[in-house]
Amino acid sequence: MSLISLTLAATLIFFLPHIAGVTWQELYHRFSRIGWGTMAALTGLWVTGLCAYSVVLSGSLPGLSKRRALLVNCVGSGVSNVLPFGGAVGVAMTFTMTAGWGFRRRPVVVSTVVTGVWNMLARFLLPAVGLICLVGTGRVPDNRLAVAAGTGGALLLGVVVAMSAALYREGVADMLGRGLDRVVGRLPIKSKPSLRDGLIDLRRSTIEITRTKWPQLTLGMIGYMALQCVLFIGCLEATGARIPIPEAVAAFAINRVLTTAVITPGGSGISESATVLALLGFGVAPGVATAAVLLFWFFAHLIEIPVGWLSWTLWSLTARAQRVTPQET
């Protein structure tokens, strides 16, 4: 399965220029015009984004330093970008790394749940932000599409509000869980787990962290997504794309949402193809759109693989020497 997924991802990336109607030679000439100064600036944005997400990780696991959070982040990203369902492997490696630093299992479980929730909230909000940008500037070409986009954005924001309320108050979690159980009860599924119990357990296990650390978690996630968006826009500028900011944000939202596709590692190939098609729909030239998306793919996916495995090697060599007991909360 892993080999099939990797092959599919490589095939989609390789044939991406063909989908857009350009050649690799044309892309090479466009890439060769990008200066070292521009690449250094884009690399700086990428590194700053990693540091921003490390703020989320350190906030979700008290006692985890920013430096170690960065190491965990790099390892998790490297694994996720190589294997389908790589997030599960990344979690296992996170447990191994944090255990080597003396963390108990339960705080790491809570950290995994909390960061998962914040990532999910960000994924829900991104499409809403992209749709609002298009609708607000009147760039959605069809009125029916505008209504659908606005409705979709409102529904997504509603989900975010409901989940936040469920985490904040147990009564809301109980009510929401009962409602979801009624919906699931009507589905033709043999095994029907209690979503109410799951939401109650989730709330109780994460309530302390979310109440005390939500500003750090939220600001870190917003900073990370914002820096990723700036990096995407930087890739557009570096390759010569001239596109209004709302349309660039919408294309970025499409790209990031589709990275959750589990068919390929990190949605690689799928998200890039959809992003190129979106940029073409916004009037960007095929060569420019493909070059910009592949440049962003380099920073958001490809470069994280060797960095992740290098980080894992570094941890393996130093874990025993640096074992310390984390701070108690």
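Up top is the structure these notes are about.
To keep things clear, this report deals only with the structure shown in the data block. Everything quoted here is computed from the prediction, not taken from an experiment.

All chains considered together, the criterion is met by zero disulfides. Lacking any disulfide linkage, Cys 51 is separated from the closest cysteine sulfur, that of Cys 74, by 8.4 Å.

Quick look at the packing of aromatic side chains now. Any pair of aromatic rings gets described here by the distance separating the centres and the angle formed by the planes. One pass over the structure, following the stated rule, counts six aromatic pairs. Seen from their ring centres, Phe 232 and Phe 296 are 5.2 Å apart, and the 85° between their planes marks the pair as edge-to-face. You can see Phe 232 sitting in helix H10 (residues 195-238) and its partner Phe 296 sitting in helix H13 (residues 286-302), a full 64 residues away along the chain. Classification of Phe 232 as buried rests on a relative accessible area of 1%. According to the relative accessible area criterion, Phe 296 is buried, its value standing at 1%. Three or more aromatic residues joined by ring pairs form one cluster here, namely Phe 232, Phe 252 and Phe 296.

When the terminal C-alpha atoms of helix H14 (residues 304-318) are compared, their 21 Å separation across 15 residues agrees well with the 21 Å that a helix rising 1.5 Å per residue should span. Glu 304, Ile 305, Gly 308, Ser 311 and Trp 315 are the residues of H14 that are buried. What you see down the axis of H14 is that its buried residues fit within an arc of 130°, all on one side. Structural note: H14 exposes Pro 306, Leu 310 and Leu 317 on the side pointing more than 90 degrees away from its buried face.

Let us now look at the environment of Ser 32. Relative to the assigned elements, Ser 32 resides in helix H3 (residues 24-32). In this structure the C-alpha to C-alpha distance between Ser 32 and Thr 239, which are 207 residues apart in sequence, comes to 9.8 Å. At 2.7 Å, the side chain of Ser 32 forms a polar contact with the backbone oxygen of His 29.

What follows is about the nonpolar core. Trp 101, Met 221, Leu 236 and Leu 279 are the most contacted members of the largest nonpolar core, which has 68 residues in total. Each residue touching Leu 236, except ones within four places of it in the same chain, is listed here: Ala 241, Ile 243, Ala 248, Leu 279 and Ala 292.

Assignment of secondary structure puts Trp 24 in helix H3. Distance from Trp 24 to Thr 290, taken between C-alpha atoms, is 9.9 Å for residues 266 residues apart in sequence. Not counting residues within four places of it along the chain, the set of residues in contact with Trp 24 comprises Ile 13, Phe 14, Pro 17 and Leu 294.

About the thresholds
- Residues numbered from 1 in each chain as written.
- Predicted model: local features only at pLDDT ≥ 70, side-chain atom pairs only at ≥ 80, totals over all residues.
- Heavy atoms only, no water.
- Disulfide = S-S within 2.5 Å.
- Phe/Tyr/Trp six-rings, centres within 6.5 Å; stacked < 30°, edge-to-face > 60°.
- Helix = DSSP H or I, 4+ residues; strand = E, 2+ residues; numbered from the N terminus.
- Buried < 20%, exposed > 50% of the residue type's maximum accessible area, 1.4 Å probe, protein only.
- Expected span 1.5 Å × (residues − 1).
- Arc of directions from axis to C-beta.
- Polar contact = N/O pair within 3.5 Å; in protein donor to acceptor, adjacent residues only side chain to side chain.
- Core = buried A, V, L, I, M, F, W, Y, C linked by side-chain atoms within 4.5 Å.
- Contact = heavy atoms within 4.5 Å.

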